[in-house]
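Chain by chain, the residues:
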Amino acid sequence: MSFSVCLVIPIYNHKEAITETVARLQPHGLPLIIVDDGSDAATQDVLAKLAERVRHEAGALTLLRLPRNGGKGAAVIAGLRAARRMGYTHALQIDADGQHDAADVPRFVAAAREQPDAVILGQPVFDASVPKSRLYGRYMTHVWVWIETLSFTIRDSMCGFRLYPLDAACALIDAVKLPQRMAFDISVLVRLHWRGVAFHGIPTRVTYAPDGVSHFDVLWDNVRISAAHARLVAGMLLRLPLLLARKVCPKPGTSANPANPARHPAGWWRIAERGSRVGMALLALSSRVLGRRITALWLYPVVFYFLLTGRAARDASTRYFTQLRASTPQLGLPRPGWVSAYRHMLAFAQAAFDKLGAWSGRVNLAEVSFDDPAAFDALTASGRGALVIGAHLGNLEMSRALATHGARAKVSAIVYSAHARRFNDVLASVHPAFPDGLLEVSDFGPETAMLMQARIEAGELLVIVGDRVPACDAGRTTEVPFLGAPARFAQGPFVLAHALGCPVYLFFCLKERSGYHLYFEPFAERIALPRRERAGQLAVWTQRYASRLEHYCRKAPFQWFNFFDFWARPDGGANG
């Protein structure tokens, strides 16, 4: 059956909004199925006139009328079944009240074409119109859904803007008695997840009209939703061995998660940021109220959860320790596997927690020391700007946080900050200066150099990382040996240094027994890349950087936090 989509709109007494909602949807040219869930006579009259008008305009509109009000779930079920009988493969559910952005319909359809077996689920982006009680109340359900699925795959289970693959949805509807009212939206997603259906989220704007009509019964709908969660938790416990087994050993190609290594073997920028903004904010709050020591204990079970559910990161950690162990047997590292991956992820979580502490002023400056401060002191005394190349090793962010608190130097970080938006938002909430020194870029080339030149001339230290391939142009790389196998490194930092014509330093910040230790070392007074020798010189500088990175990886083996296959080839194979 060829791919075909229709719109399903459940409605109950939304006579004021339905005409405008349909008008916004019509330009997309999708057939409409409106399910009247026992509305009053006035709404029925509006729907009859609307159906006649759409048919007169040669549009496709099917009007179904349920004899009595059965609830939103009953209306959606009737619409999905009708869509399947009519030969459609997918149905895009959207509410009748106009809260959802109809302009996003093509994005949902395009995502379904790419992943036809997945549920395409709206992730609401609320504006100031959202009632705070609803905004915060939603998170109670979100937490229960994450528990019931043992996953953060379903980011928002209450959004009424979603696209179902009809074969999977109707098979579930025919096999299981689902709630007929507001609990339907939650239950159908959890049970589809249990059946192994993939999910793909799309951020979409949601607005609340000041005079909007809501049919949510605060008492009884909350009772029904609570009862549904009780049943779902019981169902999760019955399926617990199966769900855990699926987390540990998922079937290849079944995930719609961009982090699925079968789909994107080498693109770190495709790996979605894990963890919710609320969870991160709760850690920040706990740190302020209970203190860092008590809050740090929560990291152990949290990391264990991510170990179980993060197969891509777990496999990448294992590959890293395999390379490190083989190239440096004298380190006596443990056998790569679950234990090493847990220690690796725990070190990453602790580093993130320390970043939070540094920006909130809860890290004692006495716990941070230079291995040899001579190079840094000389640079700051000179007032010159410089390019500082670091890595995802240790805690590079500590340099900027401490510089802000200590005012020793102006430090700006050139980052792909969109990739860690939630965590950056939390850091911004604990220190208003956090966003000031973030320079978000997509690539390091001549255009970027022009933007950076003014900052260098003002005496700033620009900090970038050299151990990730640029997201927008993965071809600008140089391949050199790293931990015993060929690996690709970005050319961007060295091209940028050439364009700026400024001194270049290396910087690493490692957590050791006595606290954080800073390693700041001269790398080049100037990097020159003559046209005829460009490739050769890039290889020389890249190898020098890779050799220093190797040195510090061996010094702190659990503190290199690149959780993707660093040695993968662009075609998805592996080097070495």
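Residues numbered from 1 in each chain as written. Predicted model: local features only at pLDDT ≥ 70, side-chain atom pairs only at ≥ 80, totals over all residues. Heavy atoms only, no water.

Quick look at the pattern of salt bridges now. Going through the model one piece at a time under the given rule, you end up with 18 salt bridges. The residue K15 makes a salt bridge to E16 at a minimum N-O spacing of 3.3 Å. Since its relative accessible area comes to 29%, K15 is described here as partly exposed. Note on E16: relative accessible area 57%, which makes it exposed. Taking the shortest distance from any N to any O, the salt bridge between E525 and R384 comes out at 3.0 Å. One end of the pair, E525, is in the loop between β16 (515-524) and α20 (534-555); the other, R384, is in the loop between α15 (374-382) and β9 (386-390), and 141 residues separate them in sequence. Each of the salt bridges in this network shares a partner with another, and the network as a whole consists of K72, D95, R162 and D185. (Salt bridge = Lys/Arg side-chain N within 4 Å of Asp/Glu carboxyl O. Buried < 20%, exposed > 50% of the residue type's maximum accessible area, 1.4 Å probe, protein only. Helix = DSSP H or I, 4+ residues; strand = E, 2+ residues; numbered from the N terminus.)

Contact pair helix α3 (residues 72-85) / helix α6 (residues 166-175): the axes reach a minimum separation of 10 Å and the direction vectors enclose 125 degrees. As far as their axial angle goes, α6 and α3 are oblique. In this structure, α3 crosses over α6, and the sense of that crossing is left-handed. Residues I77, L80, R81, A83 and R84 of α3 form the contact with α6, whose own contacting residues are L166, D167, A169, C170, I173 and D174. Classifying every residue of the contact of α3 with α6 by side-chain character gives seven nonpolar, no polar and four charged. (Axes fitted to C-alpha atoms, helices over the stretch in contact; angles between N-to-C directions. Parallel < 35°, antiparallel > 145°, perpendicular 65-115°, else oblique. Left-handed = near helix turned anticlockwise from the far one by under 90°. Contact = heavy atoms within 4.5 Å. Nonpolar A, V, L, I, M, F, W, Y, C, P; charged D, E, K, R; others polar.)

As a further point, take the packing of aromatic side chains. Scanning the model with the defined rule gives 30 aromatic pairs in all. Ring centres of Y305 and F306 lie 5.4 Å apart, and the angle between their planes is 75 degrees; this geometry places the pair in the edge-to-face category. For R544, the ring lying beneath its charged end belongs to F523, and the centroid distance is 4.8 Å. (Phe/Tyr/Trp six-rings, centres within 6.5 Å; stacked < 30°, edge-to-face > 60°. Lys NZ or Arg CZ within 6 Å of the ring centre and 35° of its normal.)

Moving on, we get to the nonpolar core. With 59 residues, the main nonpolar core has F482 and L549 as its most contacted residues. The element contributing the most residues to this core is helix α14 (residues 338-359), with eight residues. If near-sequence neighbours (up to four positions away) are discounted, F482 is found in contact with A487, F489, A546, L549, E550, C553, W560, F566 and W567. Counting residues in each nonpolar core, the second largest holds 39 residues, with V35, I77, A83 and I154 among its members. (Core = buried A, V, L, I, M, F, W, Y, C linked by side-chain atoms within 4.5 Å.)

Attention now goes to the sheet that holds strand β2 (residues 32-37). Strand order in this open sheet of seven strands is β3-β2-β1-β4-β6-β5-β7, and the pairing throughout is mixed. Of all strands in the sheet, those bounded by a partner on one side alone are β3 (61-66) and β7 (199-206). Averaged over all pairs of adjacent strands, the angle between their axes in this sheet comes to 20 degrees, without regard to strand direction. Bridge count for strand β1 (residues 5-11) against β2 is five bridges, and the pairing is parallel. By the bridge assignment for β2, P10 is matched with V35. Packed onto the sheet, α3 meets β1, β2, β3, β4 (90-93) and β6 (162-165) and runs at close to 145 degrees relative to β2. (Pairing = 2+ DSSP bridges.)

Another aspect to go through is α15. When α15 is considered as a whole, its buried residues turn out to be A375, F376 and L379. Seen from one end, α15 has its buried residues packed into an arc of 95 degrees, which puts them on one side. Immediately downstream of α15, the backbone of G383 shows phi near 75 degrees, a positive value. (Arc of directions from axis to C-beta.)

Moving on: the environment of V143. Here V143 lies in helix α5 (residues 132-149). V143 sits in the partly exposed class, given a relative accessible area of 38%. In sequence terms V143 and R155 are 12 residues apart; their C-alpha atoms lie 9.7 Å from each other.

Because an α-helix completes one turn every 3.6 residues, residues spaced three or four positions apart along the sequence face the same direction. Relative to the 24 Å expected for 17 residues at 1.5 Å per residue, helix α13 (residues 311-327) spans 24 Å between its end C-alpha atoms, a close match to the ideal helical length. Along α13, the positions that sit buried rather than exposed are R314, A316, S317, R319, Y320, F321, Q323 and L324. (Expected span 1.5 Å × (residues − 1).)

On to the packing of α6 against helix α7 (residues 184-194). Where α6 meets α7, the axes come as close as 11 Å, and the angle between the chain directions of the two elements is 105 degrees. As the angle between them shows, α6 and α7 are arranged roughly perpendicular. Contacts between α6 and α7 involve A168, A169 and L172 from the former and V188, R191 and L192 from the latter. Looking at the contact of α6 with α7 residue by residue, the class counts come to five nonpolar, no polar and one charged.

Most of β9 sits out of view: five of its five residues are buried. Along β9, one buried face is formed by A386, V388 and G390 and the opposite face, lined by L387 and I389, is buried too. In this structure, β9 lies alongside strand β12 (residues 461-465), joined through five bridges in parallel fashion. Across the sheet, L387 pairs through a bridge with L462, a residue of β12. Judged from the three bridges that link them, β9 and strand β15 (residues 504-512) form a sheet pairing that is parallel.

Everything listed here is a matter of coordinates, which is why it stays silent on function.
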